[in-house]
Amino acid sequence: MSLKKILTSTLSAMLMLSCFTGCGSTAGNGSENSDGKQEATTVNVTDATYNEAVKDEKTDTESDETRTIIDHTGVEVTLPKEMHRIVISSILPLPSVYCLFRGSAEDIIGIHPSSMAAAKNSYLINVFPELANADTSFVENGEVNVEQLLSMKPDVVFYSAANTEERAMYDNAGIPAVGFSTTIADYDCVETYAAWIKLFGEIYGESETANEIIADGRKTAEEIKAVTDKIPTDERPDVLILFSYDDGVIKAGGSDFFAKYWIETAGGNNVAAALKGSAEVNMEQIYEWDPDIILITNFSSHLPEDLINNTVEGNDWSNVKAVKEGKVYKYPLGMYRWFPPASDTPLVLKWLAKTIQPELFADMDMDNELRSFYSEHYGVELTDEEIQKIYHPARAASGKKS
């Protein structure tokens, strides 16, 4: 019952309580009419009645103004239904997925500096220029400064579910926090992307929108796998993903990581499959693998020409098969770095299939795929120049010095 609807009647201390509720409500003692509204009921006002009305008023207000969800850590999180001060901390690709889902970045007040580096060197900032106003100063030397974060007065923080210490910090500070997992789908990039979209649907009460985006991604995965699942192992090229490669340190993408999904689903063999996660390797190991194809992510500032022209100080790439044959490629950079799940995930899978199995996907026109996806999901029409910029990202997009 709402106190706002308690009407004074006369000096007799009687009230007429007129309460309108939806079908199936059990509030009050009146009978329900044909359009689901509660008929007016006369009640005596006692302390108990008043206290119950106060209790109901509080419950109704909380129900109207909050939403409770279960995040990827399994924790129940109560959020305000209206959230206009969003901070995205340790899950770097999430700003792009948020923008895809919400169609705007206006409510984002803070993102990680590495996310900003990607945004400023990607197409994300073109479509959502308001993202450039997001604060990055709450992250110092890779760590969240909780005092700085509190001064920003966020309604909610979205963070990487793996960071349990970060979650404890938010809980202690009284900041609502929702964990998004990178391992929820065993590194299946399309299903991880789907899980993030699904959680956004629950956060904002927009499951229909979420389901439409998810279905599109799964359709792409099914189409690619229908072709690549039939390729025998001995007919697949050996592929090396250089996850990071700066300051002379080489890290390859192994199993228990997104590299496994990308390479195998797109029709290749991962030469680093015996390694776990992003593992440090040396040139001797790479010579032994002698990959047919090398893919460089945007977490490294190096470009294909650095390997092909053999200009990386301290390492000799000249005798590696992929280098000799010119099959060294840089992951494109669309709305975010094309390696972890992000808003362009279905396009990443198509580009990889085209790159790893060009003959089997000869009919796939990546320029048209980009144009179609960006038109449908972001409402923008890409020019030829913009497409080429996506294919050839700047070194600065890594957020590191070369």
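Above: the structure in question.
(A) A look at the pattern of salt bridges. With the rule as written, the count across this model stands at 14 salt bridges. Arg218 serves as the salt-bridge partner of Glu191, at 2.8 Å between the closest nitrogen and oxygen. Of this pair, Glu191 sits in helix H7 (residues 189-204) while Arg218 sits in helix H8 (residues 207-228), and the two are 27 residues apart along the sequence. Residue classification places Glu191 among the partly exposed residues on the basis of a relative accessible area of 26%. Of the charged contacts, one joins Glu202 and Lys198 as a salt bridge, the two residues approaching to 2.6 Å between their closest N and O atoms. With Glu202 and Lys198 both in helix H7 and four residues apart, the pair spans about one turn of that helix.

(B) Fine view of the environment of Glu381. Position of Glu381 among the secondary structure elements: in the loop between helix H14 (366-378) and helix H15 (384-391). Put simply, Glu381 and Leu370 are eleven residues apart on the chain and 9.5 Å apart in space, counted from C-alpha to C-alpha. If we ignore the near neighbours within four places in the chain, the residues touching Glu381 are Ser375 and Glu386.

(C) Region of interest: the packing of aromatic side chains. With the rule as written, the count across this model stands at 24 aromatic pairs. The interplanar angle of 55 degrees and the centroid separation of 5.7 Å between the aromatic rings of Tyr245 and Trp317 together place this pair among those described as tilted. Taken together, the residues span a long stretch of sequence, with Tyr245 in strand S12 (residues 238-246) and Trp317 in the loop between helix H11 (304-308) and helix H12 (321-324) at a distance of 72 residues. As far as the burial class goes, Tyr245 and Trp317 line up, both buried. By way of ring pairs, the aromatic residues Tyr187, Phe243, Phe257, Phe258, Phe299, Tyr331, Phe339 and Trp351 are connected into one cluster.

Rules used in this analysis
Residues numbered from 1 in each chain as written. Predicted model: local features only at pLDDT ≥ 70, side-chain atom pairs only at ≥ 80, totals over all residues. Heavy atoms only, no water. Salt bridge = Lys/Arg side-chain N within 4 Å of Asp/Glu carboxyl O. Helix = DSSP H or I, 4+ residues; strand = E, 2+ residues; numbered from the N terminus. Buried < 20%, exposed > 50% of the residue type's maximum accessible area, 1.4 Å probe, protein only. Contact = heavy atoms within 4.5 Å. Phe/Tyr/Trp six-rings, centres within 6.5 Å; stacked < 30°, edge-to-face > 60°.

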